[in-house]
Amino acid sequence: MIIAVDGPLASGKGTIARHLANRYDLPYLDTGLLYRACALGVLNAGKDPSDPEAATISARKVDNTVLNDPELRSAKIGAAASRVAAIPSVRKALMNFQRDFADQTGGAVLDGRDIGTFICPHADVKLWVSAPAEERARRRHKELCARGEDISYAQVLEQLIERDARDAGRDDAPMQCAADAHLLNTGGLSIDAAFEAAQRIVDAAKAERP
Ligand code: C5P
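Residues numbered from 1 in each chain as written. Predicted model: local features only at pLDDT ≥ 70, side-chain atom pairs only at ≥ 80, totals over all residues. Heavy atoms only, no water.

**A closer look at the overall build of the protein**
Within the protein one finds nine helices and five strands. Helices (α) and strands (β) of the protein occur, in sequence order from the N terminus, as β-α-β-α-α-α-α-β-α-β-α-α-β-α. Along the three orthogonal principal directions, the C-alpha set of the protein runs to about 50 × 35 × 30 Å. Counting the 210 residues in the protein, one finds 50% classified as buried. Contacts in the protein between residues at least 24 apart in sequence constitute 78% of all its contacts with a sequence separation of at least 6. Treating the 27 positive side-chain charges of the protein as one cloud and the 30 negative ones as another, the clouds have centres 1 Å apart. (Helix = DSSP H or I, 4+ residues; strand = E, 2+ residues; numbered from the N terminus. Buried < 20%, exposed > 50% of the residue type's maximum accessible area, 1.4 Å probe, protein only. Contact = heavy atoms within 4.5 Å. Lys, Arg positive; Asp, Glu negative; His and termini not counted. Charge placed at Lys NZ, Arg CZ, Asp CG, Glu CD.)

Structure below.
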């Protein structure tokens, strides 16, 4: 079973995807980490994340070994990731890694922005996870402060709105809800309530499968 979980920044998609992977005993890939790793490589090389050549060279080097670096989780790398992600040759370089992960025996859970629309249009279950921008910004601000970052709520909200617009507005595989995705708005929901809602959707989809 392939489960695709898409949605904007801090919508709760990662937490839900991890929960579903545990619940159904499936391997899990946070595809945002691939773009973050690509961005980190570009910055470490002293290049601009919007430079197609530098970003593509970095994307081609991304593999499992670089995905656990805690630096990938910073706000700076998140913003740079959304710049490299707008470059078509970067998306192409990272595509097979994601598709191979999804197509492994038994299936997988992947979260991102274009999993249900582009990477795995054949996914068995697609979820589109969203929440109001202010609530997402509050969550992300809390996370970044817990990591020790010195950033205000207003800055986080501004970056989030800018990042959503860039992700949804790019030409190549923009962030988009798949036509056949189940909508899950986590606004005002506790984590447990969001897990239960996601699980109900997957269980119903499983029950309908031939
Ligand atoms: O989800 P996360 O915040 O880690 O993603 C970082 C950036 O990577 C996103 O803002 C987006 O630009 C890009 N991304 C993407 N497609 C995905 C996952 C992430 O374009 N499937």
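From this point on, the discussion continues.
**Some thoughts on the site of the ligand**
Neighbouring the ligand are 16 residues; Arg36, Arg91, Arg113, Arg163 and Asp167 lie closest to it. Here an oxygen atom of the ligand and a side-chain polar atom of Arg36 are 2.6 Å apart. Arg170 places a polar side-chain atom, nitrogen or oxygen, 2.9 Å from an oxygen atom of the ligand. Of all the elements in the fold, those that place two or more residues in the shell around the ligand are helix H2 (32–44), helix H4 (75–84) and helix H8 (153–169). (Near = heavy atom within 4 Å. Polar contact = N/O pair within 3.5 Å; in protein donor to acceptor, adjacent residues only side chain to side chain.)

**So, the packing of H4 against H8**
Here H4 crosses H8 at 20°, and the two axes come no closer than 9 Å. In terms of axis orientation, H4 runs roughly parallel to H8. Between H4 and H8 lies a crossing whose hand is left-handed. Residue-level contacts link Ala75, Gly78, Ala79, Ser82 and Arg83 of H4 to Gln159, Glu162, Arg163, Arg166 and Asp167 of H8. Taken together, the residues of the contact of H4 with H8 break down into two nonpolar, three polar and five charged. (Axes fitted to C-alpha atoms, helices over the stretch in contact; angles between N-to-C directions. Parallel < 35°, antiparallel > 145°, perpendicular 65-115°, else oblique. Left-handed = near helix turned anticlockwise from the far one by under 90°. Nonpolar A, V, L, I, M, F, W, Y, C, P; charged D, E, K, R; others polar.)

**A short note on the pattern of salt bridges**
By the definition in use, this model includes 11 salt bridges. As a salt-bridge pair, Glu162 and Arg83 come within 3.9 Å of each other at their nearest N and O atoms. Of this pair, Glu162 sits in helix H8 while Arg83 sits in helix H4, placing them 79 residues apart in sequence. Residue Arg83 is classed as partly exposed on the basis of its relative accessible area, which comes to 34%. (Salt bridge = Lys/Arg side-chain N within 4 Å of Asp/Glu carboxyl O.)

**Quick word on helix H7 (residues 133–146)**
Its 14 residues give H7 an end-to-end C-alpha distance of 20 Å, which sits within 8% of 20 Å, the value for a rise of 1.5 Å per residue. Residues of H7 that are buried include every one of Glu135, Arg136, Ala137, Arg140, His141 and Leu144, and no others. Residues of H7 that are buried make contact with H2, H4 and H8. Two residues or fewer past H7, Gly148 is found with a positive phi of approximately 90°. (Expected span 1.5 Å × (residues − 1).)

**Remarks on the pairing of strand E3 (residues 108–112)**
Of all five residues in E3, five are buried; the element is thus mostly enclosed. Of the two faces of E3, the one lined by Ala108, Leu110 and Gly112 and the one lined by Val109 and Asp111 are each fully buried. Relative to E3, strand E1 (residues 2–6) runs parallel, the two sharing five bridges. Looking across to E3, one finds that Val5 is bridged to Asp111. Here strand E2 (residues 28–30) runs beside E3; their pairing, made up of three bridges, is parallel. (Pairing = 2+ DSSP bridges.)

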